[in-house]
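The chain contents come next:
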Amino acid sequence: MNRANLDKLFTVVLAGVLAGLALAAAALPAALVFGLGVKNLMPYTALPEALKSPQPAQRSNLYANDGRTLITSFYVEDRVDVPVGEVAPVMRDAIVAAEDVRFYEHHGVDVRGVARAFTANRREGTRQGASTLTMQYVRNALAGDPRLTEEQRAAATEITVGRKIREMRYALTLERQVGKDEILGRYLNIAYFGAGAYGIAAASKRYFSTTPDRLTLAQAALLAGLVRSPADDPINGDADAARQRRAYVLDRMVETGRASAADAEAAKATELALKPNTTPNDCAAVPADHNDWGFFCDWFTQWWNAQPAFGENVDERQRTLRRGGWKIVSSLDPDVQAKASEQVRKIYPETTARAAPTAVVQPGTGRVLAMAVNRTYGTAANPAGQQNYPNTVNQLVAGGGGITGYQAGSTFKLFALLAALEAGLPLDTEFEAPRVYVTQYPVGAGPASCGGRWCPENANTYWMDGDRDMWDAFGRSVNTYFAWLTERVGADRVVEMAQRLGIVFRAPADARMAREGAGSWGPFTLGVSATTPLDLAGAYAAVAAEGTWCRPTPVASITDPAGRKVAAGDTDCRQVLDTEVARAAADAGRCPVGDQSMYRRCDGGTAEELAPGLRRPVAGKTGSSERNATETVVAFTPQLSVATIAANPDDPRDAVGGGVQKRQIAAVGRILAWSLRDEPVRDFVPPGQAVAFQRTSPRTGN
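Residues numbered from 1 in each chain as written. Predicted model: local features only at pLDDT ≥ 70, side-chain atom pairs only at ≥ 80, totals over all residues. Heavy atoms only, no water.

Student: Any chance you could explain helix α22 (residues 491–500) here in plain terms?
Tutor: Residues three or four positions apart in an α-helix share a direction because the helix packs 3.6 residues into each turn. Within the span of α22, buried status applies to A491, V494, V495, M497 and A498. The buried residues of α22 occupy an angular sector of 155 degrees when projected down its axis, which confines them to one face. Where α22 is buried, its residues meet α18 (413–422), α21 (479–489) and α23 (508–516). Within two residues after α22, G502 carries a phi angle of roughly 95 degrees, on the positive side. (Buried < 20%, exposed > 50% of the residue type's maximum accessible area, 1.4 Å probe, protein only. Helix = DSSP H or I, 4+ residues; strand = E, 2+ residues; numbered from the N terminus. Arc of directions from axis to C-beta. Contact = heavy atoms within 4.5 Å.)

Have a look at this one:
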């Protein structure tokens, strides 16, 4: 009989065995008598990608910036692969004893097992399987491969003769290409152990709060027994059934010489001694004592969903996150986050409708060290009439998901200042600022309209009116000076400057105005557009970094399961300002917060108490919107930028009032002092004489 005929015969025989046909009863013993090994009977079969380079769904872990503190995990299956060498030998022995005692003797398909199952099924009328450990792995790998369609995964577990034969062919081919220990390791990593634990690493943690290399005989036997009957898990199921399965595995280990009778009896007598440990899943599962991390986590998911590197759309990117086994080291600094949360609650408690969303950004990298707001992250019901407090998952700090942001008032004067410096005007550009200044910009009816023209006025005539330059106009926040300055450089250039530094127009009306009417949007300079603390902190961080703007990021690094770093985790930085322009803006920025410029030109500021308490060079700006509806404070050093906005996210008619700004200034100062306590004192680089005192051609390029 030639090879081709043997292949056909064996296929028929296997089909008969599995279907329980009488014909196979005669054919199978004949094949065994002739001593025909399965290895030689089955033709070579090309392996699918799921078996050549397996990618079982694995959980992704999000860590704080130390790379060790777990914020949360994301998964559809709680699994993390470990090399077989990191699994205790007793666990390897237990799974072989429980699932396939001849694993190291057959070539992927166990002819004796097939014959035994067929005989038992005919005699006893039962359904006894004949799957080897390799065949089980093949089935699980195909069923769980995220690269396959749902239909393809379902086909891997359908109860048909064709599926069983295909499984056997793949098992034989796999064993020709991959060593036994590697197959065993893959099996241990893909098997389901009940209680939501996929793979031996997750199972060791779930049941015993340990790692696979530290499993005892009793623990290994229990876990091995659960593979066949995961519904009997002793956490959620039947502890007695789990003990019986453990005893069965121990007996099999004794029978096969993988454990001594004495050790097995001792293990049977051991209490289950469970130490259940759950793996958090998604942002709602951040540690209870670090609930404030939830807002950062939520923003991380927004960031991930916007990354084309992880899929063509949001659904694909989420599947990649929850199946890809990524290690994501975030930018979150737990110490800075804790201090920011503490200080935010000194501005407002979490039981008030008013909020103080706050962001802390690192200049030169864009890494976000903290995102704090006086809210509890969660979906628990709120009292009647309280839409978003004390509980919410709305992104109050970074915007998105319906949150367009808040008016930041005079903090937007920075963009007019930068546009003027870039146009060639020096810091000592003087203007006799009147109480009211009538501009060329058309506006509708309102308190700042003079015959249909925008005409802002100064908040404090005695302190603000008069001859001003950029230093003291910025320090004292002189509205009419900056309205005049905006006319000189063009409102469209001010709007473009804000966009260049990362201000996103989330409100449709703002986006339309920026797109279609920027040239006539004079009031933009006074912060009438909605923004967020995160955008604002990022914009001021660009000045701190001497003109290098970095897209705010929640990530320090991302690595795949093989330990390879992916480019999506890199910082996204670019030089957006001439260095001298940025240095000049930082010099003017020292005036509002009580510091002194390099040229000793600061003469009054709106937050003069900030610098003395910090005792290091600092710059920044305050802002108040119309009627003090919102209040804003931004401050930065060369190493850190902090922005906080006081507002009522649910009711813009609820004016927070100017009194809250004192608390904001104190909070920002304490956040900076705490965060920089171990950092060297760094000064700003002084701007040159030209940008300070000489009008020049446009200062573009570096």
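After that view, the rundown keeps rolling.
Student: Got a minute to help me understand the packing of aromatic side chains in this structure?
Tutor: For any pair of aromatic rings, the description rests on two quantities: the centre-to-centre distance and the angle between the ring planes. In the structure shown here, the tally under the stated rule is 28 aromatic pairs. Summarising the aromatic geometry, the rings of F103 and Y104 are spaced 4.9 Å apart at their centres and angled 75 degrees between planes, so their arrangement reads as edge-to-face. Ring plane angle 80 degrees and centroid distance 5.7 Å describe the contact between F636 and F684, whose orientation is recorded as edge-to-face. With F636 in strand β18 (residues 631–636) and F684 in the loop between α27 (660–675) and α28 (689–693), this pair connects stretches of sequence that are 48 residues apart. (Phe/Tyr/Trp six-rings, centres within 6.5 Å; stacked < 30°, edge-to-face > 60°.)

Student: Mind showing me how you'd approach the sheet that holds strand β5 (residues 368–372) here?
Tutor: Each strand in a sheet pairs with its neighbour through backbone hydrogen bonds, running either in the same direction (parallel) or in the opposite one (antiparallel). Taken together, 5 strands build an open sheet; the order of strands is β5-β4-β19-β18-β17 and the sheet is antiparallel. Of all the strands in the sheet, the pair left with one neighbour each is β5 and β17 (619–624). Between one strand axis and the next, the sheet turns through 5 degrees on average, direction left out of account. One ladder, built from 4 bridges, connects strand β4 (residues 358–361) with β5; its direction is antiparallel. (Pairing = 2+ DSSP bridges. Axes fitted to C-alpha atoms, helices over the stretch in contact; angles between N-to-C directions.)

Student: Help me out: how do you make sense of the pattern of salt bridges in this one?
Tutor: Once the charged atoms of two side chains with opposite charge are near each other, the side chains can pair. Applying the stated criterion across every chain yields a total of 36 salt bridges. Among the ionic pairs, K164 bridges to E167, the shortest N-O distance being 3.9 Å. Note that K164 and E167 are positioned in helix α9 (residues 161–177) at a spacing of 3 residues, about one turn of the helix. Taken individually, K164 and E167 each receive the classification buried, so the pair is uniform in this respect. What you see here is one network of salt bridges that share partners, running through R102, E105 and D110. (Salt bridge = Lys/Arg side-chain N within 4 Å of Asp/Glu carboxyl O.)

Student: Please clarify how unusual backbone geometry should be interpreted in this entry.
Tutor: Leaving glycine out, the prevailing phi sign among residues is negative, and the prevailing peptide bond configuration is trans. Of note, the amide linkage connecting Y389 to P390 takes the cis form, showing an omega dihedral of 0 degrees. The residue P390 is located in the loop between β6 (376–377) and β7 (391–392) in this model. Within the chain, E546 stands out as a residue other than glycine whose phi angle is a positive 55 degrees. The class for E546 is partly exposed, based on a relative accessible area of 24%.

Student: Can you help me understand the state of the cysteines in this one?
Tutor: The term disulfide refers to a covalent linkage connecting the sulfur atoms of a pair of cysteines. In the structure shown here, the tally under the stated rule is 4 disulfides. The disulfide partner of C283 is C297, and the S-S distance across this bridge is 2.1 Å. Linking C283 and C297, the disulfide has an S-S dihedral of approximately -80 degrees and is accordingly described as left-handed. Residue C283 is found in the loop between α14 (261–269) and α15 (293–305), and its partner C297 is found in helix α15; the two are separated by 14 residues along the sequence. The side chain of C550 participates in a disulfide bridge whose partner is C573; the two sulfur atoms lie 2.1 Å from each other. Here C550 and C573 share a disulfide; its torsion about the S-S bond, 110 degrees, makes the bridge right-handed. (Disulfide = S-S within 2.5 Å.)

Student: Would you take a moment to explain the pairing of strand β2 (residues 70–74) for this structure?
Tutor: Two faces, one strand: in a regular strand the side chains alternate between the faces of the sheet. For β2, a buried count of 4 out of 5 residues is recorded, marking the element as mostly surrounded by other parts of the structure. Pairing between strand β1 (residues 60–63) and β2: 4 bridges, direction antiparallel. The partner of S60 across the bridge, within β2, is F74. Hairpin geometry of β1 and β2 is characterised by an intervening segment of 6 residues between the two adjacent antiparallel strands and by a positive phi of about 75 degrees at G67.

Student: What is the right way to read the nonpolar core from this model?
Tutor: Soluble globular proteins tend to pack their nonpolar side chains together in the buried interior. Residues F415 and Y481 are the most contacted members of the largest nonpolar core, which totals 105 residues. The element contributing the most residues to this core is helix α24 (residues 533–544), with 9 residues. In this view, F415 contacts V494, M497, A498, L501, I503 and A539; residues no more than four positions away in its chain are not counted. In this structure, A171, A203, M253 and A267 belong to the second largest nonpolar core, which totals 60 residues. (Core = buried A, V, L, I, M, F, W, Y, C linked by side-chain atoms within 4.5 Å.)

Student: Which parts of the structure should I look at to understand the environment of G424?
Tutor: Here G424 is to be found in the loop between α18 and β9 (431–433). For the pair formed by G424 and V581, sequence separation is 157 residues and the distance between their alpha carbons is 9.3 Å. Among residues more than four places away in sequence, those in contact with G424 are Q694, R695, T696, S697, P698 and R699.

Student: Quick question: what am I supposed to make of helix α10 (residues 180–190) here?
Tutor: The buried count for α10 comes to 9 of 11 residues, which makes it a mostly enclosed element. K180, I183, L184, G185, R186, Y187, L188, N189 and I190 are the residues of α10 that are buried.

Student: Quick question: what am I supposed to make of the sheet that holds β1 here?
Tutor: Strand order in the open sheet formed by 4 strands is β2-β1-β3-β15, with mixed pairing between adjacent strands. Strands with a single pairing partner mark the edges of an open sheet, and in this sheet they are β2 and β15 (555–559). Across the sheet, the axes of successive neighbouring strands diverge by a mean angle of 15 degrees, strand direction being ignored. Here α15 sits on the sheet and contacts β1, β2, β3 (327–330) and β15; the angle it forms with β2, its principal contact strand, is near 45 degrees.

Student: Honestly, the packing of helix α5 (residues 89–99) against helix α12 (residues 217–228) in this entry has me stumped. Any pointers?
Tutor: Across the interface, α5 lies against α12 with an axial gap of 8 Å and an inter-helix angle of 35 degrees. The way α5 lies across α12 gives a crossing that is right-handed. Between α5 and α12, the residues in contact are V90, M91, A94, I95, A98 and E99 and L217, A220, A221, L223, A224, V227 and R228, respectively. Its residues assigned to classes, the contact of α5 with α12 comprises 11 nonpolar, no polar and 2 charged. (Left-handed = near helix turned anticlockwise from the far one by under 90°. Nonpolar A, V, L, I, M, F, W, Y, C, P; charged D, E, K, R; others polar.)

Student: Mind showing me how you'd approach the side chain of E167 here?
Tutor: For E167, a relative accessible area of 3% puts it in the buried group. A distance of 2.8 Å separates the side chain of E167 from the side chain of R139, its partner in a polar contact. (Polar contact = N/O pair within 3.5 Å; in protein donor to acceptor, adjacent residues only side chain to side chain.)

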